[in-house]
Amino acid sequence: MKIAKLESLHCDAGTRNFDFLKLTTDTGLVGWSEYNETFGGPGLSAVIERLAPAVIGKDPRAWEAHVTHMYAVRRQASGGVVQQAIAAIENAMLDVKARALGIPVYEMLGGPVRDRIRLYWSHCGTYRVRAHKEMQIPPVRSLDDIVKLGREVVAKGYTALKTNVLLFGDNPRNYAPGFARTGEGFPELNPDRYVVKAIQEQLAAFREGAGPDMDIMVDLNFNYKTEGFVKMARAMEPFDLLWMELDTRDAKALQYIRSRAPMPVASCESLFGRRDYRPYFENSSVDVAIIDTPWNGVGESVKIANMADTYEINVAPHNFYGPLATMMSAHFCAVVPNLRIMETDPDTVPWHDDLVTVKPAIKDGHMSLPAGPGWGTEINEATVRAHPPRQR
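Anyway, here's the lowdown on the structure attached to this text.

Rules used in this analysis
Residues numbered from 1 in each chain as written. Predicted model: local features only at pLDDT ≥ 70, side-chain atom pairs only at ≥ 80, totals over all residues. Heavy atoms only, no water. Salt bridge = Lys/Arg side-chain N within 4 Å of Asp/Glu carboxyl O. Buried < 20%, exposed > 50% of the residue type's maximum accessible area, 1.4 Å probe, protein only. Helix = DSSP H or I, 4+ residues; strand = E, 2+ residues; numbered from the N terminus. Pairing = 2+ DSSP bridges. Axes fitted to C-alpha atoms, helices over the stretch in contact; angles between N-to-C directions. Phe/Tyr/Trp six-rings, centres within 6.5 Å; stacked < 30°, edge-to-face > 60°. Lys NZ or Arg CZ within 6 Å of the ring centre and 35° of its normal.

Applying the stated criterion across every chain yields a total of 19 salt bridges. With its nearest N and O atoms 2.8 Å apart, the salt bridge here joins Arg61 to Asp59. Using a relative accessible area of 25% as the deciding quantity, one classes Asp59 as partly exposed. Residue Arg118 is joined to Asp215 by a salt bridge in which the shortest nitrogen-to-oxygen separation is 2.8 Å. Taken together, the residues span a long stretch of sequence, with Arg118 in strand β4 (residues 116–121) and Asp215 in strand β8 (residues 215–219) at a distance of 97 residues. On the accessibility criterion, Arg118 (22% relative accessible area) is partly exposed.

Structure (structure tokens):
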């Protein structure tokens, strides 16, 4: 069996596009993976295309050898978009190898240690504030809406949710200066008093609606510098968070934040490979290491999780993509013993589940492991074609 073709497919997903890689072999067997060019960086599809000659004509079942080779030929530009391209090809090779064997991917990775995965409702309120029209989901315009959303999370069976800083009033919006998204707070990245007050009011509303038993997380992304993260952590102390999530490129700065935060700290979703994660583990910088399986590759992600386990650190997948990525992350969650919880986005475009032939099996805030070969699902190309990507 040899790789005959790599082809990228794209479709509209509301505020972004979803991107899928189709690997076709000379036997007709197909493997799939999901990546994301909207957040992963422009040109990612072109990098995949440029890497394709490194694997075309080769047996995809030797995926470790091919990943090692691709890393070597792009060693001087490792990480970033290059790593994401390698990961997309790796994940498609994992799928096609498991399909050739007639087994799920997790069986190739040692077999499952769990068959049911606890999920949290991610971007809870965030998409409804800034993208409800594009995604065709209910709007959130006030703190009263946050209370109602908290009740909805409980009614749908979830036991955990994660939100971002939201600002209400005349202009409801997601506060995201770290991404230069709202035109405020950038480039200073300082925690102004009105933002501190806003997150306290937002968390109080979620507590009112979701109740005392709901695990709540807050993702602060890259929105502050070190002192700002500490200030926000102390402001959120009364709300009994499962974790505060943030991003920083400095492992020692993150250790400083963790030593002063009154709740567990999660981070690392923007890192690439074991070499990037190592200083965060060696400096005891995190309680939970977030690992992006489309960016790193599921095989490499398992290795990162195994390394985290030797430092007594839990892991959680970064999963804010489409339904195929949810299946890919589920295989990762199946085999790592130090799993904390898995991310998922219930707020999606109406055609989200139709993009795959077998949708993720989610009930009462938990996902059952897929049982079919490979990832346990395939891309429905007709649905992808019915929702062509938009220029953004």
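The rest of the description comes next.
A few words on the sheet that holds strand β3 (residues 30–35). Sheet strands pair by backbone hydrogen bonding; their relative direction is either parallel or antiparallel. On the basis of which strands lie adjacent, the open sheet formed by three strands has the order β1-β2-β3 and antiparallel pairing. Only two strands of the sheet have a single neighbouring strand rather than two, namely β1 (3–12) and β3. Here the average twist between neighbouring strands, direction ignored, is 20 degrees. Here β1 runs beside strand β2 (residues 17–25); their pairing, made up of nine bridges, is antiparallel. Bridging from a neighbouring strand, Ile3 pairs with Thr25 of β2.

What follows covers the packing of aromatic side chains. Under the definition given, this model contains eleven aromatic pairs. With 6.5 Å between their ring centres and 65 degrees between their planes, Phe18 and Phe20 make a pair best called edge-to-face. Of the two residues, Phe18 and Phe20, both sit in the buried class. Judged by centre distance (5.8 Å) and plane angle (85 degrees), the rings of Tyr120 and Trp243 are edge-to-face. Taken together, the residues Tyr120 in strand β4 and Trp243 in strand β9 (residues 243–245) connect sequence positions 123 residues apart. There is no split in this pair, since Tyr120 and Trp243 are both buried. Above the face of the Phe320 ring, Arg16 is positioned so that its terminal group lies 4.8 Å from the ring centre.

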